[in-house]
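# Topology and contacts: notes
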Amino acid sequence: MIFYPLSLLLAFSVIVLQRTFVDLLFAGKIGLELSLILVIFAGFHFEQVRGGIFAMVTGFLFDCLSGAVMGLYTFFYVVVFFLTRLLTDRIYSEQMFFIMIFTFLCVLFEGLYIVVLYKSVFDVNMSYNLYRVFLPQALVAGVLSPALFAGLNYLEVLFHAGDRRSTEPL
Amino acid sequence: MFFFKKYQGLAIAFVFIVASLVLLSYHLKRPGQVGFFKKTVMETASPIEKGIHSTFQGIKSLWDRYLFLVGLENENRDLRKKIADLQNEINSYREMYYEVGRLKKILSLDETILYSTVAARVISNERSSLFKTIIIEKGTDDGLSEGLPVITQQGIVGRIIESSWNVSRVLLVTDYNSNIDALVQGSRAQGILQGGGPQLSRLKYVQRTDEVKTGDTVVTSGLGGVFPKGLVLGTIATAEKRETGLFQHVEVMPAVDFTRLEEVLVIIPERSKEKRK
């Protein structure tokens, strides 16, 4: 049960971090969506129900803080999670190159999704952002994703070690 | 039972996707609705974000103060000269202000609504985000509500779109969803200023026959009821009459530097003056 409060805390911390520290680090020029990388990682490592809840909560928190329409990221993160799960069952996904390409494509796909949604619902043309905002964002996310995956793997190992210690009989 | 086990994965995915899709479509129909959970998340995140921003601001100001003192004396001299020039300019404007006041009285055009302002500190300004919003540290407990205009001394910042108990979210004039009824100060050409995200804002629906040129100031028209009349929105960056079309293509540079926002003022309509007899 510790999984749920811990993952909520992790998702919340990552989103606050990306909105403040990462934004300041890149001087507001490029956004790095750490929360999306976290959801992709969950897709590779978490089982369906836990991961689904995790993706949904992460998307919801990001919706609350980003100023976007509520549900925009919740829906996208859930789709990305199950898409990643689908791939994990079929191919070996721990390769660095694969992680980079997959993250790159997910960020681009997210851009396309936002552009299409805003055009169809609000009649706002955001297509300019595809190559001006989302392409650099996808490149940065793709390049940094293996390092972030390594960090998350380390956290996961720590978490499981702690989990095992707490369940071992005294 | 076998059927359920075989398609269990698919069923779980389906449930999650449908649930999130329901959430999205509900809010697409009712944009701007702030629920309890959203308020709680905003309230929880704001002190942390404020702490991180204050730390960075502190480091930055330390850097600015102690490491960039070179040339400060020359800058001071220039600024003193500038102050003297501006003082003269203010005097002439003051004269004009009194004159306009007298003329208004003569023409019975006195304002009917007075405004008061509430100062608020910006606690979150994610510059890289596609959605141009900021969070300020005042909310419904301080008398703020959705729709109130937000300004700085440079001009209009935006309007409040979400208010929690102690924090509010402001939709900047540069956001794609921001549309403000505007006027070009000199020619009185009218249009709608729409935010352009990372690009310049666009002044839409300006007639081809209107005289609009680069450098003209764009102000609020007062129509629409959200922004008071005459507040500065920006200056015209480009004005182009294309071969076809009823309207001109006008781009506007916002007056406010959104990358350096620290404090803002929220305008609150105070009271109506007694109607003239």
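Described below are features of the structure shown in this document.

What counts as what
Residues numbered from 1 in each chain as written. Chains lettered and ligands numbered in written order. Predicted model: local features only at pLDDT ≥ 70, side-chain atom pairs only at ≥ 80, totals over all residues. Heavy atoms only, no water. Helix = DSSP H or I, 4+ residues; strand = E, 2+ residues; numbered from the N terminus. Buried < 20%, exposed > 50% of the residue type's maximum accessible area, 1.4 Å probe, protein only. Contact = heavy atoms within 4.5 Å. Areas by Shrake-Rupley, 256 points an atom, 1.4 Å probe, with all protein chains shown as cover. Lys, Arg positive; Asp, Glu negative; His and termini not counted. Charge placed at Lys NZ, Arg CZ, Asp CG, Glu CD. Buried area = accessible area lost by both parts, 1.4 Å probe. Salt bridge = Lys/Arg side-chain N within 4 Å of Asp/Glu carboxyl O. Polar contact = N/O pair within 3.5 Å; in protein donor to acceptor, adjacent residues only side chain to side chain. Pairing = 2+ DSSP bridges. Patch = residues over 30% accessible without salt bridge, like charges linked within 9 Å, V, L, I, M, F, W, Y side chains within 5 Å. 1 Å grid on protein atoms, 1.4 Å probe; cavity = no way out; pocket = protein on both sides within 12 Å on 5 of 7 lines; lining within 4 Å. Points joined across faces, edges and corners; volume = space filled by probe spheres on them. Nonpolar A, V, L, I, M, F, W, Y, C, P; charged D, E, K, R; others polar. Expected span 1.5 Å × (residues − 1). Axes fitted to C-alpha atoms, helices over the stretch in contact; angles between N-to-C directions.

### Regarding the overall build of chain A
A count of helices and strands for chain A gives 7 helices and 0 strands. Along its sequence from the N terminus, chain A presents helices and strands in the succession α-α-α-α-α-α-α. Here chain A holds 170 residues, and the buried ones make up 51% of them. Contacts spanning at least 24 positions in sequence make up 72% of the contacts within chain A whose residues lie at least 6 apart. Entry remark: accessible area of chain A is about 7900 Å², with carbon and sulfur atoms responsible for 72%. Between the centroid of the 9 positive side chains of chain A and the centroid of its 11 negative side chains there is a distance of 4 Å.

### Quick notes on the interface of chain B and chain A
Contacts between the two partners involve 40 residues from chain B and, on the opposite side, 48 residues from chain A. Both faces considered, chain B and chain A share a buried interface measuring about 4000 Å² in area, 73% of it formed by carbon and sulfur atoms. Where chain B touches chain A, the interface holds 1 salt bridge. For E49(B), the salt bridge identified is with R19(A), shortest N-O distance 2.7 Å. Applying the counting criterion to the chain B and chain A interface returns 6 residue pairs in polar contact (both at pLDDT 80 or more). Sorting the residues of the side of chain B that touches chain A by element identifies α2 (8-29), α3 (36-67) and β2 (133-136) of chain B as the ones contributing at least two each.

### A closer look at the pairing of strand β6 (residues 179-184) of chain B
Residues and elements named next belong to chain B. Examined bridge by bridge, β6 and strand β7 (residues 190-194) share 5 bridges and lie antiparallel to one another. Looking across to β7, one finds that D181 is bridged to I192. Relative to strand β9 (residues 217-220), β6 runs antiparallel, the two being bridged by 3 bridges. Within β9, the residue paired with V184 across the bridge is V218.

### Quick notes on unusual backbone geometry
A positive phi is found at D123(A), a non-glycine position, where the angle reads about 55°. You can see D123(A) is positioned in the loop between α6 (96-122) and α7 (128-167). If you check the backbone angles, Y205(B) has positive phi at about 60° while not being a glycine. With respect to the helices and strands, the residue Y205(B) is situated in the loop between β8 (201-204) and β9.

### Focus: a nonpolar patch on the surface
Residues and elements named next belong to chain A. Side chains of L83, F109, L112 and V116 sit close together on the surface and give an oily, nonpolar patch of about 340 Å² of accessible area. Ranked by residue count, the leading element in the nonpolar patch is α6, at 3 residues. With respect to the element layout, L83 can be found in helix α5 (residues 72-88).

### Description of the pattern of salt bridges
Residues and elements named next belong to chain B. Here the structure, examined in full by the defined rule, presents 8 salt bridges over all chains. Of the charged contacts, one joins K38 and E162 as a salt bridge, the two residues approaching to 2.6 Å between their closest N and O atoms. Of this pair, K38 sits in helix α3 while E162 is found in strand β4 (residues 156-163), placing the two residues 124 residues apart along the sequence. Across the pair D85 and K81 runs a salt bridge, and its minimum N-O distance is 3.6 Å. Taken as a pair, D85 and K81 lie in helix α4 (residues 72-107) at a separation of 4 residues, close to a single helical turn.

### A word on empty space enclosed by the protein
Empty space among the atoms becomes visible once a probe the size of a water molecule is rolled across them. Under the defined criterion, the tally for this structure stands at 2 cavities of 30 Å³ or more. When its volume is computed, the largest cavity comes out at roughly 200 Å³. Residue lining of the largest cavity: 19 residues in total, with E33(A), Q137(A), S128(B), S129(B) and L130(B) positioned closest to the centre. Among the elements of the structure, α2 (21-25), α4 (48-66) and α7 of chain A are those that each provide at least two residues to the lining of the largest cavity. Sorting elements by how many residues they give to the lining of the largest cavity places α7(A) first, with 3 residues. Residues that form the lining of the largest cavity fall into these classes: 10 nonpolar, 6 polar and 3 charged. If you add up the space inside the second largest cavity, you get close to 50 Å³. Every residue along the wall of the second largest cavity is listed here: R19(A), L65(A), S66(A), S124(B), E126(B), S129(B), F131(B), T133(B), I134(B), I135(B) and R169(B). Within the residue set of the lining of the second largest cavity, elements represented by two or more residues are α4 of chain A together with β2 of chain B. In terms of residues, the lining of the second largest cavity owes the most to one element, β2(B), which gives 3 residues.

### Looking at α4(A)
Residues and elements named next belong to chain A. With 19 residues, α4 extends 26 Å between its outermost C-alpha atoms, agreeing within 8% with the 27 Å of an ideal straight helix rising 1.5 Å per residue. The N-cap residue of α4 is E47: its side-chain oxygen and the backbone nitrogen of V49 are 3.3 Å apart. Positive phi shows up at G67, right after α4, with a value of about 90°.

### A look at the sheet that holds strand β10 (residues 232-240) of chain B
A barrel is described by the order of its strands in space; here 6 strands give the closed sequence β6-β7-β8-β11-β10-β9 (chain B), paired in antiparallel fashion. Each neighbouring strand pair of the sheet contributes to a mean axis angle of 40°, computed without reference to strand direction.

### Looking at the side chain of S35(A)
Residue and element names in this part refer to chain A. Along the chain, S35 turns up in helix α3 (residues 34-45). For S35, a relative accessible area of 0% corresponds to the buried category. With sequence-adjacent residues up to four places away left out, S35 is seen in contact with V14, I15, Q18, T58, F62 and Y77.

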